[in-house]
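Here are the chains, one letter per residue:
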Amino acid sequence: MEYDFPITRTTHPRPRPEDESKLGFARYFTDHMFAMEWDEGIGWHDGRVVPNEPILIDPASCVLHYAQMAFEGMKAYRTPSGEIQLFRPDMNVKRLARTNERMCMPSIPGDLYIAAIKAVIKEDADWIPVSPGTALYIRPFIFGDEPSFSVLPAKHYRFLIILSPTGSYYAANDGGLSATRIYVQDEYIRAARGGTGYAKVGGNYGGGMRASKDAMLYDCKDVLWLDAAEHRFVEEIGTSNAFFRIGDEVITAPLDSGTILPGITRDSVIQILKSWGVKVSERRLDIADVLRASVDGSLKEIFASGTAAVISPIGTLNYKGTDYGVADGEVGELAQKLYDTLYGIQTGSVEDSFGWTYKLGIFR
Ligand SMILES: *Cc1c(COP(=O)(O)O)cnc(C)c1O
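Residues numbered from 1 in each chain as written. Predicted model: local features only at pLDDT ≥ 70, side-chain atom pairs only at ≥ 80, totals over all residues. Heavy atoms only, no water.

*Asks:* I would appreciate a short explanation of the overall build of the protein in the present structure.
*Replies:* What the protein contains, in helices and strands, is eight helices and 17 strands. Across its three principal axes, the protein shows a C-alpha extent of roughly 60 × 50 × 35 Å. By the burial criterion, 56% of the 364 residues in the protein qualify as buried. Partitioning the contacts of the protein with sequence separation of at least 6, the portion at a separation of at least 24 is 71%. Charge separation in the protein, taken as the distance between the mean sites of 38 positive and 48 negative side-chain charges, equals 1 Å. (Helix = DSSP H or I, 4+ residues; strand = E, 2+ residues; numbered from the N terminus. Buried < 20%, exposed > 50% of the residue type's maximum accessible area, 1.4 Å probe, protein only. Contact = heavy atoms within 4.5 Å. Lys, Arg positive; Asp, Glu negative; His and termini not counted. Charge placed at Lys NZ, Arg CZ, Asp CG, Glu CD.)

*Asks:* I'm lost on helix H5 (residues 209-217) in this one. Help?
*Replies:* Think of an α-helix as 3.6 residues a turn; residues three or four steps apart then line up on the same face. Residues Ala-211, Ser-212, Asp-214 and Ala-215 constitute the buried set of H5. For H5, the buried positions fall inside an angular range of 160° around the axis, keeping them on one side. Residues Met-209, Lys-213, Met-216 and Leu-217 are exposed on H5 and point more than 90 degrees away from its buried face. Looking at the buried positions of H5, the neighbouring elements they touch are strand E8 (180-185) and strand E9 (222-226). At the exit of H5 stands Asp-219, carrying a positive phi of roughly 60°. (Arc of directions from axis to C-beta.)

*Asks:* Quick question: what am I supposed to make of helix H3 (residues 110-123) here?
*Replies:* For H3, spanning 14 residues, the distance from its first C-alpha to its last is 20 Å, which sits close to the expected 20 Å at 1.5 Å a residue. Here H3 lies mainly inside the structure; ten of its 14 residues are buried. Where H3 is concerned, the buried positions are Leu-112, Tyr-113, Ile-114, Ala-115, Ala-116, Ile-117, Ala-119, Val-120, Ile-121 and Glu-123. (Expected span 1.5 Å × (residues − 1).)

*Asks:* Got a minute to help me understand the packing of helix H2 (residues 89-102) against H3 in this structure?
*Replies:* Geometry of a packed helix pair, given as the angle between the helix axes and the separation of the axes. Contact geometry of H2 with H3 gives a least axis separation of 10 Å together with a crossing angle of 120°. Of the possible angle classes, the one that applies to H2 and H3 is oblique. Here the hand of the crossing between H2 and H3 comes out right-handed. Within the contact between the two elements, H2 uses Pro-89, Asn-92, Val-93 and Leu-96 and H3 uses Gly-110, Tyr-113 and Ile-114. Its residues placed into classes, the contact of H2 with H3 shows five nonpolar, two polar and no charged. (Axes fitted to C-alpha atoms, helices over the stretch in contact; angles between N-to-C directions. Parallel < 35°, antiparallel > 145°, perpendicular 65-115°, else oblique. Left-handed = near helix turned anticlockwise from the far one by under 90°. Nonpolar A, V, L, I, M, F, W, Y, C, P; charged D, E, K, R; others polar.)

*Asks:* What should I look at first to understand the side chain of Ser-257 in this one?
*Replies:* Within the secondary structure, Ser-257 is located in the loop between strand E12 (249-252) and helix H6 (264-275). Separated by 2.7 Å, the side chains of Ser-257 and Thr-259 make a polar contact. When residues no more than four places from it in sequence are discounted, the contact partners of Ser-257 are Arg-193 and Glu-235. (Polar contact = N/O pair within 3.5 Å; in protein donor to acceptor, adjacent residues only side chain to side chain.)

*Asks:* Please explain the packing of aromatic side chains as it appears in this structure.
*Replies:* How two aromatic rings sit relative to each other is set out by the distance from centre to centre and by the angle between their planes. Within the structure shown, the criterion is met by 15 aromatic pairs. Where Phe-243 meets Phe-303, the ring centres are 5.2 Å apart and the plane angle is 10°; that geometry is what we call stacked. In this pair, Phe-243 sits in strand E11 (residues 240-246) while Phe-303 sits in strand E14 (residues 299-306), placing the two residues 60 residues apart along the sequence. The class for Phe-243 is buried, based on a relative accessible area of 0%. Between the aromatic rings of Tyr-339 and Tyr-343, the centroid separation amounts to 5.6 Å while the plane-to-plane angle is 15°, which identifies the pairing as stacked. Taken together, the residues Tyr-339 and Tyr-343, both in helix H8 (residues 333-347) and four residues apart, mark about one turn of the helix. Accessibility assignment for this pair places Tyr-339 and Tyr-343 in one class, buried. (Phe/Tyr/Trp six-rings, centres within 6.5 Å; stacked < 30°, edge-to-face > 60°.)

*Asks:* What is the right way to look at the site of the ligand in this model?
*Replies:* Around the ligand, a shell composed of 14 residues is seen, among which Lys-200, Tyr-205, Glu-236, Thr-265 and Thr-307 lie nearest. Tyr-205 places a polar side-chain atom, nitrogen or oxygen, 2.3 Å from an oxygen atom of the ligand. In this structure, Thr-265 approaches the ligand through a side-chain N or O atom, which is 2.6 Å from an oxygen atom. Calculation on the ligand without its partners gives an accessible area of 380 Å², and the protein chains cover 97% of this total. Put simply, the parts of the chain that give the shell around the ligand at least two residues each are E11 and H6. Here the shell around the ligand is composed, by residue class, of three nonpolar, seven polar and four charged. (Near = heavy atom within 4 Å. Areas by Shrake-Rupley, 256 points an atom, 1.4 Å probe, with all protein chains shown as cover.)

*Asks:* Help me understand the packing of H6 against H8, please; the structure alone is not making it clear to me.
*Replies:* Between H6 and H8, whose axes approach to 11 Å, the crossing angle comes to 110°. As far as their axial angle goes, H8 and H6 are roughly perpendicular. Facing Thr-265, Ser-268, Val-269, Ile-272 and Leu-273 of H6, the residues of H8 in contact are Leu-334, Leu-338, Thr-341 and Leu-342. Grouping the amino acids of the contact of H6 with H8 by side-chain chemistry returns six nonpolar, three polar and no charged.

*Asks:* What is the right way to look at the domain arrangement of the protein in this model?
*Replies:* How large an interface is tends to be reported as the accessible area lost when its parts come together. In terms of domains, the protein is made up of domain 1 (20-167) and domain 2 (180-347). Using C-alpha coordinates to define each centre, domain 1 is positioned 26 Å away from domain 2. Residue-level contacts link 27 residues of domain 1 with 25 residues of domain 2. Regarding the contact of domain 1 and domain 2, the summed buried area is about 2,100 Å², with carbon and sulfur atoms giving 59% of it. Its largest share of buried area at the contact with domain 2, domain 1 owes to Phe-87, Arg-95 and Arg-102, together 29% of the area lost on that side. Viewed at the interface, domain 2 and domain 1 are joined by one salt bridge. Between Asp-267 and Arg-88 there is a salt bridge; the shortest N-O distance is 2.9 Å. One can count 13 residue pairs in polar contact (both at pLDDT 80 or more) joining domain 1 with domain 2. Mapped onto the side of domain 1 that touches domain 2, the elements with two or more residues apiece are strand E3 (69-71), strand E4 (74-78), strand E5 (84-87) and H2. (Domains from an automatic or database assignment. Buried area = accessible area lost by both parts, 1.4 Å probe. Salt bridge = Lys/Arg side-chain N within 4 Å of Asp/Glu carboxyl O.)

Pasting the structure below:
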């Protein structure tokens, strides 16, 4: 289906970032956003591109009280030939559908979702940064917007897409990789079986902030979450999936518990590693085994994977106040190679033999 969304251009262009090497993560937002609504009996309607401005919301809106919402995270890149492309957008469409199902919210047809992203990016294409390590971060989100305190799914929903020129999440100054310190969280949990861990929802993050704040007391950038039942098995790192290279095996948590966010970067890393002949296992891994491997020297690498983080190497784990080094504490060989390959495919400087990139157009 073809979509032709009306466009209202801003009369107040936003300040542009002066230095692309200091973008940080989602500190700047572009001039426009996409918006549409959903109502019972009508479905999604009134898709449009409008100035990125504060929106009006009823103080009794259910999202503000009960957090009925879902979000996605994607990036757009400009290739050396000037083409703007997305990375595996079909996977974001499917994941959003699963999240919406979990949150009792209406799903968005894939072609509508992609057309909406294309429409707003076309308007703000000149905001896409091109310096090493940068991209245009895309944040689509949906929320229930009915003034009601009854704990029931809303009858009215809003869908917005906002865009942010962004550097890497755990940025090094030169846009390259640097190894970070991570706090092993053995008190608070992120997700339990039967909960919303596999869904990309704000509530998972609101509940996790206390843990990230505590991690900073130990000079750590983020937390390594352990499973909710036993506080034993490694799950995720902050807003990213986690990989552990012990000996010649690379291990990541399996998805079957429903407590792990099924990262698109995670899936891509698994496929790339397999194509290189590396042994990858999706299996439970006890934190005690990770710490033992740190001590006996078989822990070669830990890295996080995510759209925001890309590939972020971990140099040190802090567990109950004690530091455990990951090999020499520097950027690991596989992490660097994965970063170069993945970011290379995403930005069009490495050939995409997987068929993962999706061209939007040139839009200059
Ligand atoms: C979004 C997210 C990830 C990473 O998913 P990608 O699709 O790779 O960006 C990992 N963990 C959590 C908790 C997330 O919200």
